[in-house]
Amino acid sequence: MKNFPKLLIVLLAVTALASCADKKPATLAEAFKGKFTIGATLNKGVYSGTDTAAANLVIRQFSSITAENCMKQENIQPEKGKFYWDEAEAFVSFGEKYDKEIIGHNLVWHSQMARWFAFEDGAKFEFIPGQRPVFPPYCSKEEFLERMHDHITTLVSHFKGRVDVWEVCNEILEDDGTFRKSPYYNILGEEFVYLAFQWAHEADPDARLYLNDYNMHIPAKVDTYVRLVKELQSRGLRVDAVGMQEHLDINNPTVEEFETSLNKIAATGVKVYITEWDMSALPNPYLMSAEITNRFEYTPETDPYKEGLSAEQSKLWNNRVQSFVECYLKHADVIDRWTQWGTTDATSWKNGFPIHGRTDYPLLFDRACQPKPVVNWIIANAQKF
Ligand code: XIL
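Residues numbered from 1 in each chain as written. Predicted model: local features only at pLDDT ≥ 70, side-chain atom pairs only at ≥ 80, totals over all residues. Heavy atoms only, no water.

**Q** Just to check I follow, could you spell out unusual backbone geometry for this structure?
**A** With the exception of glycine, the majority of residues adopt a negative phi angle, and the majority of peptide bonds are in the trans configuration. Residue Asn106 is bonded to the preceding His105 through a cis peptide linkage, with omega at 0°. Considering the arrangement of structural elements, one finds Asn106 in strand 3 (residues 101-109). The omega angle of the peptide bond from Phe353 to Pro354 is -5°, so this bond is cis rather than trans. With respect to the helices, strands and loops of the structure, Pro354 is situated in the loop between strand 9 (335-340) and helix 13 (373-381). Phi at Glu171 is positive, roughly 55°, even though this residue is not glycine. By the secondary structure assignment, Glu171 is in the loop between strand 4 (165-170) and helix 8 (183-188). The phi angle at Glu246 is positive, at roughly 65°, despite the residue not being glycine. Considering the arrangement of structural elements, one finds Glu246 in the loop between strand 6 (241-244) and strand 7 (247-248). (Helix = DSSP H or I, 4+ residues; strand = E, 2+ residues; numbered from the N terminus.)

In structure tokens form, the structure reads like this:
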């Protein structure tokens, strides 16, 4: 009898533990617990609170958030020395309030650069929406180094200890694995990569840092990223991961192509982030790319599901997503995060890219914020992997 209370406590503890273990995941965040974080990409409607349905979806289903536009250079420093923090603050505060992993996108990118940033007359540039870009000549190398240092240092320091991960360089390579001839490369050569990583790390030593690009299934492209990771490592610079954007379409690339690239990155010892995932359900009559200046003409044939996705295409889409997710789960030791580019089909950039005005179905949640069949499959099965 003396032992009764002790016994009772043990019994209660065992029952509690058993019922915990039995608790089935109810959301994506729970389904991927212990494997990798699951991210959404937020536009202003979500973090400013006007799109409450999307905000509630992110709060409930996702464990990580990326800034869709508010941290890009043209938005955050549109004129030299003038930083506009309000939107980025709202984004970061949203993440802090709901305890999400926070991703900063991005520090170096040739697209959505501030118009003044690389050019001799840039310092005099006054931002007027719709105004034409400032054209070459570029500013001097010394001036560019100073501007780049200021931009990275100011942005990363401002959010020191609050942004968990910074995307340092985005889309710096061509598909053939050579450097993109961006102002960064044209002015500084390859050194801009190492300087960007050094300055980001100096501004927040605890932040994780990574390189990011699309079409990472192309061997020549991923091979150069492997070389760059090794070079960063040999210079003693912090690099935590390579981001594979994964803007997929309904046929390309194959899971095997993805996996081959993932294995090459993993062999360097850094992690893989899947950073901008979406899978277009629409026909793709053009070269696969996520270069945002690529645009193609609208024709009705390129927009076949205006009134809703056919059952057949929906099945194809869900099955194809499932085969990728099975691969992600298989490599959960290497993959640290899977982020979809957007929140729901309603606001996905794919409705406007690379053809304006189409109706696409690329994300995990539909226009009514409802999960696609594959999401229910994930929630029921992810923990079995
Ligand atoms: C896109 C945004 O989703 C759009 O809202 C914006 O108009 C253009 O940029 N690769 C990237 C992202 O790294 O920043 C791009 O985001 C999509 C392609």
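**Q** I'm lost on the site of the ligand in this one. Help?
**A** Taken together, 14 residues are adjacent to the ligand, and Glu68, Lys72, His105, Asn170 and Glu276 come closest. Asn69 is positioned with one of its side-chain polar atoms (N or O) 2.9 Å from an oxygen atom of the ligand. Partitioned by chemical class, the residues of the shell around the ligand number five nonpolar, five polar and four charged. (Near = heavy atom within 4 Å. Polar contact = N/O pair within 3.5 Å; in protein donor to acceptor, adjacent residues only side chain to side chain. Nonpolar A, V, L, I, M, F, W, Y, C, P; charged D, E, K, R; others polar.)

**Q** For this particular structure, what's the right way to read the pairing of strand 2 (residues 64-67)?
**A** On a regular strand, each side chain points to the face opposite its neighbour's, so the side chains alternate between the two faces of the sheet. Every second residue of strand 2 is oriented toward a common face, with Ser64 and Thr66 on one face and Ile65 and Ala67 on the other, all of them buried. Pairing of strand 1 (residues 37-42) with strand 2 involves four bridges; the strand directions are parallel. Following the sheet pairing, Gly39 is matched in strand 2 by Ser64. Strand direction decides the pairing type here: strand 2 and strand 3, joined by three bridges, are parallel. Paired with Thr66 across the bridge in strand 3 is Ile103. (Buried < 20%, exposed > 50% of the residue type's maximum accessible area, 1.4 Å probe, protein only. Pairing = 2+ DSSP bridges.)

**Q** Can you walk me through the packing of helix 10 (residues 219-234) against helix 11 (residues 255-266) in this structure?
**A** Helix-helix packing is described using two parameters, namely the angle between the two axes and the distance between the axes. At a closest axis distance of 9 Å, the pairing of helix 10 and helix 11 adopts a crossing angle of 15°. Here helix 10 is positioned roughly parallel relative to helix 11, judged by the angle of their axes. Crossing hand, helix 10 versus helix 11: right-handed. On helix 11, the residues that touch Pro219, Val222, Asp223 and Val226 of helix 10 are Ser261, Lys264 and Ile265. Classifying every residue of the contact of helix 10 with helix 11 by side-chain character gives four nonpolar, one polar and two charged. (Axes fitted to C-alpha atoms, helices over the stretch in contact; angles between N-to-C directions. Parallel < 35°, antiparallel > 145°, perpendicular 65-115°, else oblique. Left-handed = near helix turned anticlockwise from the far one by under 90°. Contact = heavy atoms within 4.5 Å.)

**Q** When you look at the environment of Ser348 in this model, what are you seeing that I'm missing?
**A** Checked against the element boundaries, Ser348 lands in the loop between strand 9 and helix 13. By relative accessible area, Ser348 is classed as buried at 4%. For the pair Ser348 and Pro137, spaced 211 residues apart in sequence, the C-alpha to C-alpha distance is 36 Å. Aside from chain neighbours lying at most four places away, what touches Ser348 is Pro362 and Leu363.

**Q** I tried to follow the packing of aromatic side chains on my own but got confused; where do I start?
**A** How two aromatic rings sit relative to each other is given by the distance of their centres and the angle of their planes. In this structure the tally under the stated criterion is 24 aromatic pairs. Measuring from ring centre to ring centre gives 5.2 Å for Phe83 and Trp85, while their planes differ by 10°; the resulting arrangement is stacked. Each member of the pair Phe83 and Trp85 is classed as buried. Centre to centre, the rings of Phe117 and Tyr184 are 6.1 Å apart; their planes meet at 40°, and the pair counts as tilted. Pair noted here: Phe117 is in the loop between strand 3 and helix 7 (141-158) and Tyr184 is in helix 8, with a separation of 67 residues, a long-range link. Of the residues examined, Phe117 reaches a relative accessible area of 1% and is grouped as buried. Residue class for Tyr184 comes out buried when judged on its relative accessible area of 2%. Put simply, the rings of Phe32, Phe36, Phe258, Trp277, Trp317, Phe324, Tyr328 and Trp338 pair up and form one aromatic cluster. Here Arg367 stacks its cationic end above the ring of Tyr361, 5.0 Å away from the centre of that ring. Against the face of Trp317 rests Lys372, its NZ or CZ located 4.3 Å from the ring centre. (Phe/Tyr/Trp six-rings, centres within 6.5 Å; stacked < 30°, edge-to-face > 60°. Lys NZ or Arg CZ within 6 Å of the ring centre and 35° of its normal.)

**Q** Would you mind showing me how to read the nonpolar core here?
**A** One broad rule of soluble globular proteins: the nonpolar side chains tend to lie buried together. One finds Met148 and Trp338 to be the most contacted residues of the largest nonpolar core, which totals 109 residues. Ranked by residues supplied to this core, first place goes to helix 9 (residues 191-203) with nine residues. Discounting chain neighbours no more than four positions away, the residues touching Trp338 are Phe32, Phe36, Thr37, Ile38, Gly39, Ile274, Trp277, Val325, Tyr328, Leu364 and Ile378. (Core = buried A, V, L, I, M, F, W, Y, C linked by side-chain atoms within 4.5 Å.)

**Q** Which parts of the structure should I look at to understand helix 13?
**A** Residues lying three or four places apart along an α-helix face the same way, a consequence of the helix completing one turn every 3.6 residues. Turning to helix 13, its buried residues are Val374, Val375, Trp377, Ile378, Ile379 and Asn381. Contact partners of the buried residues in helix 13: helix 2 (28-31), helix 4 (52-61), helix 12 (311-330) and strand 9.

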